[in-house]
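Here is how the chains run, residue by residue.
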Protein chains: 2
Amino acid sequence: MKLKLNKEELTNAVSIVARAVSAKTSMSILECILISAADNEIKFTANNTDLGIETVIKCDKCKIAEPGTTAVEARLFSDIINKITDDPEEDIIFESDGNIIELKSSTSTFKIQERDPEQFPTLPLLNEDNYITLSHFTLKEIIKDTIFSIAANDSNKMMTGELFEVNGNSLRVVALDGHRIAIKNTELRDIYGNYKAIIPGKTLNEISKIITGETDAEVNIFFENESVMFKFDDTVVVSRLIDGDYFNIDAMLSNDYETKITVSRKELLSHVERSTILIRETDKKPLVFNIKDQSLNLKLNTVLGSLNSDLLVNKSGKDLMIGFNPKFILDALRVIEDEEVSLYMTNSKAPCFIRDEKNSYIYLILPINFNQAAY
Amino acid sequence: MKLKLNKEELTNAVSIVARAVSAKTSMSILECILISAADNEIKFTANNTDLGIETVIKCDKCKIAEPGTTAVEARLFSDIINKITDDPEEDIIFESDGNIIELKSSTSTFKIQERDPEQFPTLPLLNEDNYITLSHFTLKEIIKDTIFSIAANDSNKMMTGELFEVNGNSLRVVALDGHRIAIKNTELRDIYGNYKAIIPGKTLNEISKIITGETDAEVNIFFENESVMFKFDDTVVVSRLIDGDYFNIDAMLSNDYETKITVSRKELLSHVERSTILIRETDKKPLVFNIKDQSLNLKLNTVLGSLNSDLLVNKSGKDLMIGFNPKFILDALRVIEDEEVSLYMTNSKAPCFIRDEKNSYIYLILPINFNQAAY
C-alpha cells in the first residue's frame, strides 16, 4: 500500500474518526484507525463498538500509488501526521509493507508498527429507509440546548441518552435526569414518518464536535431499531441506541400556571450565578425566589454566608415563594438566546416551566422543599 | 469598619494578594486576607509564612467612612466581589461589626463570617539598604528564561530555587536541576554592591504573574540574609530565601569547543518536537544528533517506532555524534528569541552549550550515553 496525501486533508480526516477510538480498552485493535485505499478514495474508520465513524478523502489532491488496507494506533498516527511537517500544504508519503508503516515528509521519516486490519470490527451500515434531514446548525443547536439535562452517571441508563421523536414534520428532542427535563421542538422542512430513538449522550456530544454548525450544510439521520446513522459531507457516524421505552413525558407537561414572570435573561442569570458562590458541592440549600408584585427577591442561606438580591420582573398572576437548585435554573438560562425569558409556576411544590410562546424550548425544573417561615 | 470601594480596584488588589494565600493549611487564618483601612488608604495582606504580599489602594475613588482592621476567607471574598455586580465601575460597600461582614452592591447583599485579624501573621518588612532596580519587563523575561530549569521535586531543596547574584552592575540568575543549567546575565543600569540570594521558584512564579511586563515600570529588589523583598507599584512581596551555599557554577562553564553549529531556531525546534511523539514518560532513549559536514541528522528509536530527520546547519570544527534528552533542548529553544541559535560541543560525553555571543543567556545541557554503533 502506497499513498500520497495532503497533510491538511489527512489530519482533518484523522481528527474526525479519532472521536470513535477507544481510549482504554482490552481490545487493542479498538485503539486503531483502519485505512483502506481503493477506487480513487481513501477511507478512514474507527469503531469502539458503541460508536463508529468513517470518513473518506476523495483523491483530487491525494494519489493511490498502490491500493490496500492497514490499521495503525490512532494516537501515535495522529501525533505524527500533525508534526511531521510545519507546512499544511505539504504532501505526506504513506507506505506499508504489511509489517512497518513508513511516513515521510520532505525532511523527516517515521517508521511505526502496523496492526492487523483483519481484526478490525467492520462498521455496520444501515438501510436508508427511515430518515430526516436537518442543517448542521440546527442539529448542533438542538444538542447544545438539551445535552446538559441528561444524567451524568448511568445508574439509570435511559437518562444518559436523549429521545429523538419524529412525527411527520416535527422533531421533539427530550433529555431528563430526574430533577428536570429539557425539550426542544423543531419544525422540519419536509414531512417524514414516525420514528423514535434514544441516542446515547456520548454519541451526541461527539457528533456536535464534528459537524460544522453551518446553516446550508445538511445532515441525514437514519433510524433503525437498534442503531442510528448520521451522514454528512464525506462522513458517516453509526451509533447503537439505548434499548427500552422512554419516560412518558407528556404526562408531566402542562400549560396551566398561577404565576408567570418575565425578566431579562441576562439579569436573572447574573443574579442566580451570584448565589452559587455560597454553595459547596454537598450543600442542598435552595435558592428561594420570593415573587411579590413586580419584584423578585432571591435569598440563600448556607454555612458560608447569606445572599439577599433584588430584581424587577414583569409578573402576572399570584405572588409566590418557591425554592430551586440554582444550577438547574442557570443551565437553562445559559443556553436560551432570547433577551427575555418567562417562568411559569403553579405553587411551591409544582414544577416551574421556562419556555417561549411557541414551546420551541421547554425547561421543566422541579422545586426544592424548604421551610417558608425561615425566609 | 466601613468602606466604599470601586469594584475594579478592589478585585484587582485582591487578585494580587490572593497569590500568597495558603490553599491547604491547618492554620485557617492563612486562608484569609487581612484588610486594614486608615489614613486614606486600604491595605490588603496575605501571608502563607513562606511568601507574603501586601498591596494598597489609595483612596482617590474609595472612601473610609470608619477605619479598622478585619480578616476574611480569601476565596469566598474574592468570589463575592467578582460577582456581586456586573458593572466594574460600581461601588461596593464593605461593612464589618467585628462578627459579620456585609458586602453590598446596588442590588445584592452578601453576609459572611468575619475572622479574627489578631491571629494574622504580620508581614516582616525588610530594611532597604541592599537593593537593585529592574524594569518589570526585564524581571519577567529573566524568570521566564530560567525557571523551567529548576528541579520539579524538592529532594534537593537548593535546586528548587534560583540563584540571584549581583556584582556591581551585573546580575546573574542561575537555575539547575542536575541535568542542565540555565543562566541569564543582565547588565544593570546602575552600580550596586555584591549580593547573593537563592529565591524559591514558587516565589518567582508568583512574582512573574503579578508584574505587568512593562518596560518603563520599575521593580526594586531588596536583599537580606534570610529574606528578599520585591517592591513595585503599590505592592510589596516578601519571601523567605533558601538557606545554604549554591553550587559552584563557574567550574562547570567553559568557552572552549570542538564543534559549533548555527541553525534556525524555529527549524531545529520543530525537528526536535517531532521526536517527542515517540517518547513515553518512562522512556530514556536519546535523540541522537549526527553532525556531519553542513548537515544535522536526528535519529530516535523507541518501542513506539523510529524517526530519521535531516536539516541543514552551519558547522565549524569537527563532525560529532551526541545524544540528548530532547525535552532539555526544547525547553531552551522555546524561550530563546533569536532567529538563529548556536550549539557549542566538545565530545559526546561533555556538556553542550546553547548561548549567544555576549553570553546573555547560557543553557548547559548534559548529553546521554548511547551505543554509537547502533546509529
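Let us look at the structure shown here. Along each chain, the written sequence defines residue order, and numbers are assigned to residues from 1. The naming scheme follows written order: chains are lettered A onward, ligands numbered 1 onward. With the structure being a predicted model, the display of local features is reserved for residues of pLDDT at least 70 and the display and counting of side-chain atom pairs for 80 or more, all residues being used for whole-chain, interface and lining totals. Side-chain calculation: all heavy atoms of the structure are included, whereas hydrogens and water are not.

Let's talk about the overall build of chain A
Along the backbone of chain A there are six helices and 26 strands. Over its C-alpha atoms, taken along the principal directions, chain A stretches across nearly 80 × 50 × 35 Å. Counting the 375 residues in chain A, one finds 55% classified as buried. For chain A, long-range pairs separated by at least 24 residues make up 68% of all intrachain contacts whose partners lie at least 6 apart in sequence. Per-residue and other accessible areas follow the Shrake-Rupley method at a 1.4 Å probe size, with only the shown protein chains counted as cover for residues. If you sum the accessible surface of chain A, you get close to 17300 Å²; carbon and sulfur atoms cover 44% of it. For the purposes of this entry, the term helix denotes a DSSP run of H or I that reaches at least four residues, the term strand denotes a run of E that reaches at least two, and both are numbered from the N terminus. Remark: exposure states derive from per-residue accessible area (1.4 Å probe, protein chains only) relative to the maximum for the residue type, with buried under 20%, exposed over 50%, and partly exposed in between. Any two residues whose heavy atoms approach within 4.5 Å at even a single point are treated as in contact.

Some words on the sheet that holds strand β13 (residues 180-187) of chain B
Residues and elements named next belong to chain B. Taking strand neighbours across the sheet as the criterion, the nine strands line up as β14-β11-β12-β13-β26-β25-β24-β18-β22 in an open arrangement whose pairing is antiparallel. Either end of the sheet is taken by a strand with one partner, and the two such strands are β14 (194-200) and β22 (314-317). Along the sheet, successive strands turn relative to each other by an average axial angle of 15 degrees, direction set aside. One bridge is not enough; two strands pair if DSSP finds at least two bridges between them. Relative to strand β26 (residues 361-365), strand β25 (residues 352-355) runs antiparallel, the two being bridged by four bridges. Among the inter-strand pairings, Phe-353 is bridged to a residue of β26, identified as Leu-364. With axes taken as lines fitted to C-alpha atoms, and helix axes fitted only over the stretch in contact, angles between N-to-C directions fall between 0 and 180 degrees.

Concerning the relation of the copies chain A and chain B
Only residues with pLDDT of at least 70 in both copies count here: their C-alpha atoms drive the least-squares fit that superposes the copies. Its rotation angle being 180 degrees, the transformation that places chain A on chain B also includes 0.0 Å of axial translation and leaves an RMSD of 0.0 Å. The transformation relating the two chain copies, once decomposed into turn and shift, fits a two-fold axis. When the interface residues of chain A are mapped onto chain B, 100% of them again lie at the interface, so the same face is used by both copies.

Description of a negative patch on the surface
All names here are of chain A. The patches described consist of residues with a relative accessible area above 30% and no salt bridge, like charges being joined within 9 Å and nonpolar side chains (Val, Leu, Ile, Met, Phe, Trp, Tyr) within 5 Å. Salt bridge, as applied in this entry: a Lys or Arg side-chain nitrogen positioned within 4 Å of an Asp or Glu carboxyl oxygen. His is not counted here, nor are the chain ends, while Lys and Arg score as positive and Asp and Glu score as negative. A charge is said to be at NZ when it belongs to Lys, at CZ for Arg, at CG for Asp and at CD for Glu. On the surface, Glu-8, Asp-87, Glu-89 and Asp-91 cluster together into a negatively charged patch. Topologically, Glu-89 is positioned in the loop between α2 (74-83) and β7 (91-96). When its relative accessible area of 47% is taken as the criterion, Glu-89 is described as partly exposed.

A look at the state of the cysteines
Residues and elements named next belong to chain A. The disulfide definition used here is simple: a pair of cysteine sulfur atoms within 2.5 Å. Across all of its chains, the model carries two disulfides over all chains by this definition. Here Cys-59 is linked by a disulfide to Cys-62, with a sulfur-sulfur distance of 2.2 Å. Judged by the sign of its S-S torsion, about -100 degrees, the bond between Cys-59 and Cys-62 is left-handed. Residue classification places Cys-59 among the buried positions, given a relative accessible area of 9%.

A word on the interface of chain A and chain B
Chain A puts 31 residues into the contact, and the matching count from chain B is 31 residues. We define buried area as the total accessible area lost by two parts upon association, computed with a 1.4 Å probe and summed across both. Three residues, Lys83(A), Arg274(A) and Ile277(A), lead the burial of chain A against chain B; their summed loss comes to 24% of the area buried on that side. Inspection of the region where chain A meets chain B yields four salt bridges. Residues Glu73(B) and Arg280(A) are paired through a salt bridge, measuring 4.0 Å at the closest nitrogen-oxygen approach. Polar contact criterion, stated in full: a pair of N or O atoms within 3.5 Å, where within protein one must be able to donate a hydrogen and the other to accept it, and residues adjacent in sequence count only if both atoms are side-chain atoms. Our count for the chain A to chain B interface comes out at 18 residue pairs in polar contact (both at pLDDT 80 or more).

Notes on the packing of aromatic side chains
Each aromatic ring pair is characterised by the separation of its centres together with the angle its planes make. Note on aromatic pairs: the rings of Phe, Tyr and Trp (six-membered ring only in Trp) are paired at centre separations within 6.5 Å, and the planes decide the class, stacked below 30 degrees, edge-to-face beyond 60, tilted for the rest. Applying the stated criterion across every chain yields a total of 20 aromatic pairs over all chains. Measuring from centroid to centroid gives 5.9 Å for Phe77(B) and Phe94(B), while their planes differ by 85 degrees, and the two rings are edge-to-face. You can see Phe77(B) sitting in helix α2 (residues 74-83) and its partner Phe94(B) sitting in strand β7 (residues 91-96), a full 17 residues away along the chain. Relative accessible area serves as the criterion here: at 0%, Phe77(B) is assigned to the buried category. When its relative accessible area of 1% is taken as the criterion, Phe94(B) is described as buried. Summarising the aromatic geometry, the rings of Phe148(B) and Tyr363(B) are spaced 5.9 Å apart at their centres and angled 35 degrees between planes, so their arrangement reads as tilted. Of this pair, Phe148(B) sits in the loop between α3 (136-146) and β11 (161-167) while Tyr363(B) sits in strand β26; the two residues are 215 residues apart in sequence, bridging distant segments of the chain. Judged by relative accessible area, Tyr363(B) falls into the buried class, the value being 3%. Here the aromatic cluster, defined as three or more aromatic residues joined through ring pairs, consists of Tyr131(A), Tyr192(A) and Phe222(A).

So, the pattern of salt bridges
Counting across every chain of the model gives 42 salt bridges over all chains. Where Asp331(B) meets Arg180(B), a salt bridge forms, and the shortest distance between an N and an O atom there is 2.7 Å. Of this pair, Asp331(B) sits in helix α6 (residues 326-335) while Arg180(B) is found in strand β13, placing the two residues 151 residues apart along the sequence. Taken as a pair, Asp331(B) and Arg180(B) share a single burial class, namely buried. Residues participating in the shared-partner salt-bridge network are Glu141(A), Lys144(A), Asp145(A), Lys184(A) and Glu337(A).

So, the nonpolar core
Formed by 101 residues in total, the largest nonpolar core has its most connected members in Phe289(A), Phe44(B) and Phe230(B). Looking at which element gives the most residues to this core, the answer is helix α6 (residues 326-335) of chain A, with six residues. For Phe44(B), the residues in contact, after removing those within four places along its chain, are Leu5(B), Leu10(B), Ala13(B), Val14(B), Val17(B), Ile33(B), Leu34(B), Ile35(B), Ile53(B), Glu54(B), Thr55(B) and Ile57(B). Only buried residues count toward a nonpolar core, which is a set of Ala, Val, Leu, Ile, Met, Phe, Trp, Tyr and Cys residues joined through side-chain atoms within 4.5 Å.

Comments concerning the packing of α3(B) against helix α4 (residues 201-210) of chain B
All names here are of chain B. Direction vectors running N to C along α3 and α4 enclose 135 degrees, while the axes themselves pass 10 Å from each other. Here α4 runs oblique to α3, going by the angle between their axes. In this structure, the crossing between α3 and α4 has a hand that is left-handed. Touching Leu-139, Lys-140 and Ile-143 of α3 are Leu-204, Ile-207 and Ser-208, all from α4. Put simply, angles under 35 degrees are roughly parallel, angles over 145 are roughly antiparallel, angles from 65 to 115 are roughly perpendicular, and the rest are oblique. By definition, turning the near helix anticlockwise from the far helix through less than a right angle yields a left-handed crossing, and turning it clockwise yields a right-handed one.

A short note on the side chain of Glu54(A)
Residue and element names in this part refer to chain A. Tracing the chain through its elements places Glu-54 in strand β4 (residues 51-58). Lys-43 is the oppositely charged side chain nearest to the buried, salt-bridge-free Glu-54, at an N-O distance of 4.1 Å. Among all residues touching Glu-54, those that are not within four sequence positions of it are Val-17, Lys-43, Phe-44, Thr-45, Leu-123, Asp-234, Thr-235 and Val-236.

Side note on the sheet that holds strand β3 (residues 41-47) of chain A
Residues and elements named next belong to chain A. Ordered by their spatial adjacency, eight strands build an open sheet running β6-β2-β3-β4-β17-β16-β15-β10, and the pairing between neighbours is antiparallel. Both edges of this open sheet fall to β6 (68-73) and β10 (131-135), since each of them pairs with a single strand only. Looking at each pair of strands side by side, their axes are set apart by 15 degrees on average, direction ignored. Alignment of strand β2 (residues 32-38) against β3, held across five bridges, turns out to be antiparallel. Counterpart to Ala-38 in the pairing with β3 is Glu-41.

Here's the deal with unusual backbone geometry
Residues and elements named next belong to chain B. For Asp-39, which is not a glycine, the phi torsion comes out positive at approximately 50 degrees. Considering the arrangement of structural elements, one finds Asp-39 in the loop between β2 (32-38) and β3 (41-47). With a phi angle near 55 degrees, Asn-359 is a residue other than glycine that sits in the positive phi range. Along the polypeptide, Asn-359 turns up in the loop between β25 and β26. The buried category is assigned to Asn-359, whose relative accessible area is 19%.

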